[in-house]
Amino acid sequence: MAATNLVNLDALIQRADLAAPGEMGEDISAMSIMGLEPRGLLYPALRKPDFQRETSNWSPEQVADLIATFVHRDLIPAVILWRAGTNVFVIDGAHRLSALIAWVHNDYGDGDVSRRFFHNFIPDDQLRAAQRTRDLVKVAIGSYEDHKIAIEFPQNSRADVVQRAARIGWHDIPAQWIRNADHDKAEKAFFRINQGGMKIDVTERRILSARKSATALAARAILRGGTGHNYWHHFEGEARAKIEALGAEVRKLLFEPSLTLPIKTLDIPVAGHGYGSRVLPFVFDLVTVVNHVGVKDSSHKRSGGEVELPPDPDGEETLRYLTAVRDLLRRICSVHPSSLGLHPALYFYGKSGVFQPLALLTYAALLNSWTTKDFVKFTRNRAAFEEFISSTGGVTEAVRRLGSGIRSRPRLISLYLKVVEALDQGSSIETVTIELAKDPTYAFLITPTPDELLPLDEPNDVFSRELKGATFIRDALGTAPKCPTCGGLMHRNGMQVGHRIAKRDGGVATLENAHMQHPFCNSTYAN
């Protein structure tokens, strides 16, 4: 599972288009820490290229360690810069420089600059990581403000802070410059440099390279709920506003309510944590699956043989992509009349309470191809289908055998279609399971061998987080409310009040005539 305790410093250096021509200028060999203050001489000119990945891949410990390294005058690799007009672009070293800016501004993803940047929308995980970083820095070296106060009031300050404060202004941040290069060469330098150290993964590189495409723009809008850097700034005002509104709506459908671990409630989001290094690749995959974009998903190690993603000139395609994802997620779990209200704990999480991206992508591809008639057939057999996937382990076991990549998806879709069809023909769950176990195409998904089961029962003195989550889900799913129409599990985000006796049959809006249903069961299926 990807880490979510990452510090988001993306707001601290503004992004800008690298298209301006490079200019010759008097290049400094180092930057002073005081120049990074909000009104310092250096900070206002700093920019990140708009293609650079988010500055959100370091843990609190890494950020605190970088700051301590600088304060203790240990070696920090040089920041690589490129000048374009009045802007100075950070081609390499954005994380290092942002960590120091965070110290100077006391903004580790939750301060004034970050709140303005994210429109005051700061996820809980981001807040926790920020406070963890601040606490680590406070204990190890003290805040930047502590050092400034120590110069004027040494008698009221820690001895170690007083000792460092007198010389902190003389500390340098080494800088190197890319010279005699236009913006194309500067961009190539970025990608070349970033294949070392913390490498850009395949999906991230694909998003950066196709950053002006509808697919990448839609993924970016969803990632931060329409906040953060507006990659869509070149579109007309109405298109920009719609992109941001749709991004916020889709993010809410995916990631609310917030997930806490270990799981102690069935009120969990459709797509797990909405924060961390795995989110952008997953959202990108979701956009491509729903919109039938010919791009390999994030499990692929090679990018050859794909459809090239052209720029979106006016935002219309980005809006279509976002609308398609929104409509599909409404279908999966929402209060929209089309919603099946699929329960995330059963459909999209493993036995240990860990979100499975493959599961959501599989159902997204499946439901995206269905007609109303297919949804009616599914609803008619939903209770039995849910009993089947619960008893066989669903996607969790498939991931263990096939992997989490795109090659698993067609086989799972085929399996689910086969099960729904067999149930609709009158077969019992037992009969379906027996028949599938005889078919070599599906047998290994139905009858796992003992050595392939999840290792949750290994003796230990302390219950692991996974085992705690597995225990809760096992006990709680059996008591979850079920829809009186289809018998399927109901989730808080995907149910509504319906009439026991329909209004068209004279039913009235009283407590005795009210019950909770899936929206689809209450609307389309009931009719």
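The text that follows walks through the structure, step by step, so that each part is easy to find. (Residues numbered from 1 in each chain as written. Predicted model: local features only at pLDDT ≥ 70, side-chain atom pairs only at ≥ 80, totals over all residues. Heavy atoms only, no water.)

**What to know about the overall build of the protein**
When helices and strands are tallied, the protein shows 22 helices and 8 strands. When each of the 527 residues of the protein is scored for burial, the buried share is 53%. Sequence-distant contacts, at least 24 apart, represent 74% of the contacts inside the protein between residues at least 6 apart. Of the roughly 24,300 Å² of accessible surface on the protein, a fraction of 52% belongs to carbon and sulfur atoms. (Helix = DSSP H or I, 4+ residues; strand = E, 2+ residues; numbered from the N terminus. Buried < 20%, exposed > 50% of the residue type's maximum accessible area, 1.4 Å probe, protein only. Contact = heavy atoms within 4.5 Å. Areas by Shrake-Rupley, 256 points an atom, 1.4 Å probe, with all protein chains shown as cover.)

**As for the nonpolar core**
If you look at the biggest cluster of nonpolar residues, it comprises 84 residues, and the most contacted ones within it are L254, I332, Y347, F348, L360 and F385. It is helix α11 (residues 279-290) that contributes the most residues to this core, 9 residues altogether. Residues within four places of Y347 in sequence aside, it is in contact with L342, A359, Y363, F378, R382, F385, E386 and I389. Of all hydrophobic cores here, the second largest spans 45 residues; its members include L46, I101, A129 and I141. (Core = buried A, V, L, I, M, F, W, Y, C linked by side-chain atoms within 4.5 Å.)

**Digging into the packing of aromatic side chains**
A full pass over the atoms with the stated rule returns 14 aromatic pairs. With a centroid separation of 5.8 Å and an interplanar angle of 50°, the aromatic rings of W370 and F378 are classed as tilted. The buried category is assigned to W370, whose relative accessible area is 14%. For F378, a relative accessible area of 4% gives the class buried. Chaining the aromatic ring pairs together yields one cluster made of Y347, F348, Y363, W370, F375, F378, F385, Y416 and F520. The ring of F375 carries the charged tip of R331 above its face, separated from the ring centre by 3.7 Å. (Phe/Tyr/Trp six-rings, centres within 6.5 Å; stacked < 30°, edge-to-face > 60°. Lys NZ or Arg CZ within 6 Å of the ring centre and 35° of its normal.)

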